Amino acid sequence: MLLFYVRHGDPIYHPDSLTPLGHAQADAIKYRLGTHGLDKIYASSSTRAMQTAAPTAEMLKKEINVLDWCHESRAYEEFSVQLSENKRTWFFNLQEEKELLVSNEIRALGRNWYEHPHYKGTRYKEGSQRIQKEVDAFMLLHGYRHDLERNGYIAENPNDERIALFAHEGFGKAFMACLLDIPYPEVAMRLEMSHSGMSVIEFDNKEGFVIPRILQYANDSHLFAQRLPLKYKNQIYF
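Every residue gets a number counted from 1 within its own chain, in the order that chain's sequence is written. This being a predicted model, a pLDDT of at least 70 is required before a residue's local features are given, and a value of 80 or more before pairs of side-chain atoms are given or counted; all residues contribute to the totals for chains, interfaces and linings. Hydrogens are left out, water is left out, and the side-chain values use all remaining heavy atoms of the structure.

Colleague: If you had to explain the overall build of the protein chain to someone new, which residues and values would you point to?
Modeller: By the criteria applied, helices consist of DSSP H or I runs no shorter than four residues and strands consist of E runs no shorter than two, each listed in order from the N terminus. Across its full length, the protein chain holds nine helices and 15 strands. Rg of the C-alpha trace for the protein chain: 18 Å, near the compact-globule value of 18 Å for 238 residues, within the 12% margin. Type-normalised accessible area, obtained with a 1.4 Å probe on protein chains alone, sets the label of each residue: buried when under 20%, exposed when over 50%, and partly exposed for intermediate values. Relative to its full complement of 238 residues, the protein chain shows a buried share of 51%. Any two residues whose heavy atoms approach within 4.5 Å are treated as being in contact. In the protein chain, 63% of the contacts between residues at least 6 apart in sequence involve partners at least 24 apart. The method behind every accessible area is Shrake-Rupley, applied with a 1.4 Å probe, and residues are considered shielded solely by the protein chains displayed. Of the roughly 11,700 Å² of accessible surface on the protein chain, 50% is carried by carbon and sulfur atoms. Residues scored as charged are limited to Lys and Arg (positive) and Asp and Glu (negative), so that His and the chain ends carry no count. Where a charge sits is defined by one atom per residue type, namely NZ (Lys), CZ (Arg), CG (Asp) or CD (Glu). The averaged location of the 32 negative side-chain charges in the protein chain is 3 Å from the averaged location of its 28 positive side-chain charges. Each radius of gyration is computed over the set of C-alpha atoms, and the globule rule expresses the reference value as 2.2 Å times the number of residues to the power 0.38.

Colleague: Hey, could you go over the sheet that holds strand β8 (residues 144-147) for me, with residue numbers and the actual values?
Modeller: What the three strands build is an open sheet, ordered β8-β9-β12; its pairing is antiparallel. Here the strands that pair on one side only, and so sit at the sheet edges, are β8 and β12 (208-210). In this sheet, neighbouring strand axes are inclined to one another by 35 degrees on average, regardless of whether the strands run parallel or antiparallel. Sheet analysis places β8 next to strand β9 (residues 152-155), joined by four bridges and oriented antiparallel. Opposite R145, over in β9, you have I154 as the bridge partner. At least two DSSP bridges between two strands are needed for those strands to be called paired. Axis lines are fitted to C-alpha atoms, over the contacting stretch for helices. Their N-to-C directions set the angle, which ranges from 0 to 180 degrees.

Colleague: Could you give an account of the pairing of strand β5 (residues 64-67), with specific residues and numbers?
Modeller: The pairing of strand β4 (residues 40-44) with β5 spans four bridges and is classified as parallel. Across the sheet, residue I41 finds its bridge partner in β5, namely I64. Each parallel crossover has a hand, and for β4 linked through helix α2 (residues 47-60) to β5 it is right-handed. Assignment of crossover handedness uses the view with strands pointing away from the viewer, where a clockwise path from the first strand over the helix to the second indicates a right-handed crossover.

Colleague: Can you tell me about the packing of helix α1 (residues 20-34) against α2, naming the residues and giving the values?
Modeller: At a minimum axis separation of 8 Å, α1 and α2 run at an interaxial angle of 40 degrees. In terms of their interaxial angle, α1 and α2 are classed as oblique. In the packing of α1 onto α2, the handedness of the crossing is right-handed. Note on element contacts: α2 touches α1 through Q51, T52, P55, T56, M59 and L60, opposite H23, A26, D27, I29, K30, Y31, L33 and G34. For this scheme, ten residues count as nonpolar: Ala, Val, Leu, Ile, Met, Phe, Trp, Tyr, Cys and Pro. Four count as charged, namely Asp, Glu, Lys and Arg, and the remainder, Gly too, count as polar. Classifying every residue of the contact of α1 with α2 gives seven nonpolar, five polar and two charged. Should an angle fall under 35 degrees it is called roughly parallel, over 145 degrees roughly antiparallel, and 65 to 115 degrees roughly perpendicular, with every other angle called oblique. The sense of a crossing depends on the near helix, which, turned anticlockwise from the far helix by less than a right angle, makes the crossing left-handed and, turned clockwise, makes it right-handed.

Colleague: Can you break down helix α6 (residues 124-141) residue by residue, with the values?
Modeller: Compared with the 26 Å implied by 1.5 Å per residue over 18 residues, the 26 Å span of α6 between its first and last C-alpha is a close match. Regarding α6, the residues found buried are Y124, G127, S128, R130, I131, Q132, V135, D136, F138 and M139. Expected helix span is taken as 1.5 Å per residue step, with the number of steps being one fewer than the number of residues.

Colleague: Describe the nonpolar core, with residues and values.
Modeller: The nonpolar side chains of a soluble globular protein tend to be buried, and buried together. We define a nonpolar core as any set of buried Ala, Val, Leu, Ile, Met, Phe, Trp, Tyr and Cys residues linked to one another through side-chain atoms lying within 4.5 Å. Grouped together as the largest cluster of nonpolar side chains are 46 residues, with contacts concentrated most on F79, F91, W113, F175, L179 and F203. Mapped by element, the contributors of at least two residues to this core are β1 (2-7), α4 (95-101), α6, β9, β10 (162-167), α7 (170-180) and α8 (184-190). Not counting residues up to four positions away in its chain, the partners in contact with F79 are W90, F91, W113, Y124, G127, S128, I131, A174 and Y184. By size, the runner-up hydrophobic cluster in this structure holds 13 residues, among which are F4, V6, L33 and V200.

Colleague: Tell me about the packing of aromatic side chains, and name the residues and values.
Modeller: In summary, the pairing rule links any two rings of Phe, Tyr or Trp, Trp by its six-membered ring, whose centres are within 6.5 Å, and it sorts them by plane angle into stacked for under 30 degrees, edge-to-face for over 60 and tilted for everything else. A full pass over the atoms with the stated rule returns 23 aromatic pairs. Consider the rings of F91 and Y119, whose centres lie 6.0 Å apart with planes at 80 degrees: the pair is edge-to-face. In this pair, F91 is assigned in the loop between β7 (87-90) and α4 and Y119 in the loop between α5 (104-107) and α6, connecting sequence segments 28 residues apart. Judged by relative accessible area, which is 0%, F91 ranks as buried. A relative accessible area of 3% places Y119 in the buried class.

Colleague: Lay out the sheet that holds β10 with the relevant residues and their values.
Modeller: The six strands lie next to each other as β5-β4-β10-β1-β11-β13, forming an open sheet whose pairing is mixed. The outermost strands of the open sheet, each flanked by one partner alone, are β5 and β13 (213-219). Each strand of the sheet is rotated relative to its neighbour by a mean of 20 degrees, with strand direction disregarded. Contacting β1, β4, β5 and β10, α2 crosses the sheet at an angle of about 160 degrees to β4.

Colleague: Please give an account of the pairing of β10 that cites residues and values.
Modeller: Where burial is concerned, most of β10 is hidden: five out of the six residues are buried. Bridging between β4 and β10 involves four bridges; their strand directions are parallel. Within β10, the position partnered with A43 by the bridge is F166.

Laid out in structure tokens, this is it:
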């Protein structure tokens, strides 16, 4: 099975939608995903995610299955901090938090990083466990049972399905950590997704124990193919 994780296109957060560039990015990715087709298409219940999925769904004549548990706002409530009355941000954006997240003491806790005393009173554990539960149910639905003790999956119904999930970056950090058994701090600090970036994760189609592999992470070749701007989060050209 191949799982395609696609971040939404260039956004307008209020009201939730895509910019003209975001719509162009969504249109571009349909050609990449449409080359070999998809069996199922999923999207977060946010408008910007569904708008990003729409061109691909229309081209392939597939229904978009909406997953509310993937909505960015839920993850944001669980993994953000209040800075002032009118300002809130992801906790991993703060310099103090960045330094702690890459520290050896956090690394030593592995997937239980949220048990560190510094995080007492936060919702990080609640959010991590919620998303882990949902990811495991999602994967079981597609034939792969998560074995948390062994950091991999049991292929109960191995298959060659191609499924796509259109969602977010902030939520995506927790999603990828849960999916791949990589401690959340490592994903939060080391891996980034630009607008409409596409990640491809392979799950072996043979019976037995399966270790998923990242074939590509946040790939933007579809933008290059359509001569769209290659500017990471509208900030850096490369």
